[in-house]
Structures are given as C-alpha cells and as structure tokens.
Amino acid sequence: TGVTQIKDGLFQNNVAVPNAGSMASGGGLWAQTAVVISGTQFIGNRSEGKGWSNTGGGGLYANNSAVLTNTQFVSNTANYGNGGGAYIINRATVVGGRFQGNNADAVQSVSERQGGGLYVSPGPTLITGTLVTRNRAWAGSGAAIALRPPKTTIRTTSDEGGRELRSSDQPPAPAHLSCWKWII
C-alpha cells in the first residue's frame, strides 16, 4: 500500500512477455502500488499482451495511479494492448514531459488497442504542459491519448503540429484524442 518513487531513471529496450496463462504488461516498468516518477525516460520498451484484456503499457503499466513529472515516453509499444507509452489505472497526473512515437498495436482484435501515447482508466486525470507527438493506436481511437476517467482536465498540451490538445464540449477528431466526460 505504499508509494513507489523513481527519479532520473532510464528504462530502455525491455520486453514484458507472458508466461503460461499470464498476461504481460509494463515493458519498462510494472508498478503494483501508486507511483511517483520524475525526470525519467522510458525508451524502446515493449509489452506483449497476446490478446488478454486490460494489458498494455509498453513503457509503464501503473496498476494504482501515477504522478508523472517531466517524464519521457519515446518509441514504446504495447502489442495487443492499450497505452503504447503508458497505461495507468485509477488517477493520473502528467506534468511536462512528452509522449513521442509510441504505439498501441494489434494484429487481430482492435477493440482494446487505444491510446498510442497514453491510456488512463477509470480515475480523474490532469495533463498539463506535455508534448504529445507521432503516437499511433491500431484501433484509431486516441492515437495520442485515450482517457476513460470520470473527470479529465487537459491544459497547455500540444500535438506534433504545435496545436493545443485541450478539453472542450466536443472531443476533437479521434485520431488525436479520445476522452469521455470532459471539463474545462
């Protein structure tokens, strides 16, 4: 029930693969407790979900909320899962940092392959001052970010064209951002 804290770390070129009957998530890091991460890089990690539900997080899988400050997610992949860069369950706070070139890929089913950069479900989410660029989701829903929280706030966060991704009454085109229940 504690909090895991990581500062100025590097998780690079790691792979999470399933064992007999188990699912694989968190190619770089799988955290069971709440996690606070700052100044850390997740680069080129991969999770191999193999079709299990609720798998993913090529770079990070946080099973009980996350606070990410100035953390980089670059070129991570969730094969057969959500959140190419990161998959966060419950509450998420993202301040600064970037999600660049991450993928939520699938060969078969596309129902769960969302949030190329970031996938958060089901807690409140705050994202501010974060660069989100060139991420891809096989399902086409939330290529940059897919959020399923009860409350979402996005401030001064931009995509690859420098356009701000922000909350509104109507979500933007699903190729970039997919959210449910918005606030400004």
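Anything mentioned here points back to the structure above.
A. Structural detail: the overall build of the protein chain. The helix and strand tally for the protein chain stands at zero helices and 22 strands. Out of the 184 residues in the protein chain, the part that is buried amounts to 53%. Pairs at least 24 residues apart make up 77% of the contacts formed inside the protein chain by residues separated by at least 6 positions.

B. Main features of the packing of aromatic side chains. A complete count under the given rule lists six aromatic pairs for this structure. Seen from their ring centres, Phe42 and Phe73 are 4.7 Å apart, and the 5° between their planes marks the pair as stacked. Of this pair, Phe42 sits in strand S6 (residues 41-43) while Phe73 sits in strand S10 (residues 72-74), placing them 31 residues apart in sequence. Summarising the burial analysis for this pair, Phe42 and Phe73 share the class buried. For the pair Phe73 and Phe99, a centre-to-centre distance of 4.8 Å together with 5° between the ring planes defines the contact as stacked. Of this pair, Phe73 sits in strand S10 while Phe99 sits in strand S13 (residues 98-100); the two residues are 26 residues apart in sequence, bridging distant segments of the chain. Note on accessibility: Phe73 and Phe99 belong to one class, buried. Put simply, the rings of Phe11, Phe42, Phe73 and Phe99 touch in pairs and so form one group of aromatic residues.

C. Examining the environment of Trp30 more closely. Structurally, Trp30 can be placed in strand S4 (residues 29-31). In this structure the C-alpha to C-alpha distance between Trp30 and Tyr87, which are 57 residues apart in sequence, comes to 9.7 Å. Not counting chain neighbours up to four residues away, the residues in contact with Trp30 comprise Ser25 and Tyr61.

D. Broad picture of unusual backbone geometry. Phi angles above zero are rare outside glycine, and Asp8 is one such case at about 55°. Structurally, the position occupied by Asp8 is in the loop between strand S1 (3-7) and strand S2 (10-12). With a phi close to 55°, Asn13 is a non-glycine residue in the positive phi region.

E. A look at the sheet that holds strand S7 (residues 46-48). Strand order across the open sheet formed by five strands is S3-S7-S11-S14-S17, with parallel pairing between neighbours. Because the sheet does not close on itself, it has two edges, and the strands there are strand S3 (15-16) and strand S17 (136-137). Bridge count between strand S14 (residues 103-105) and S17: two bridges; the pairing is parallel. Its bridge partner lying in S17, Ala104 is registered against Ala137.

The rules we used
- Residues numbered from 1 in each chain as written.
- Predicted model: local features only at pLDDT ≥ 70, side-chain atom pairs only at ≥ 80, totals over all residues.
- Heavy atoms only, no water.
- Helix = DSSP H or I, 4+ residues; strand = E, 2+ residues; numbered from the N terminus.
- Buried < 20%, exposed > 50% of the residue type's maximum accessible area, 1.4 Å probe, protein only.
- Contact = heavy atoms within 4.5 Å.
- Phe/Tyr/Trp six-rings, centres within 6.5 Å; stacked < 30°, edge-to-face > 60°.
- Pairing = 2+ DSSP bridges.

Limitation: the analysis is restricted to geometry and does not speak to function.
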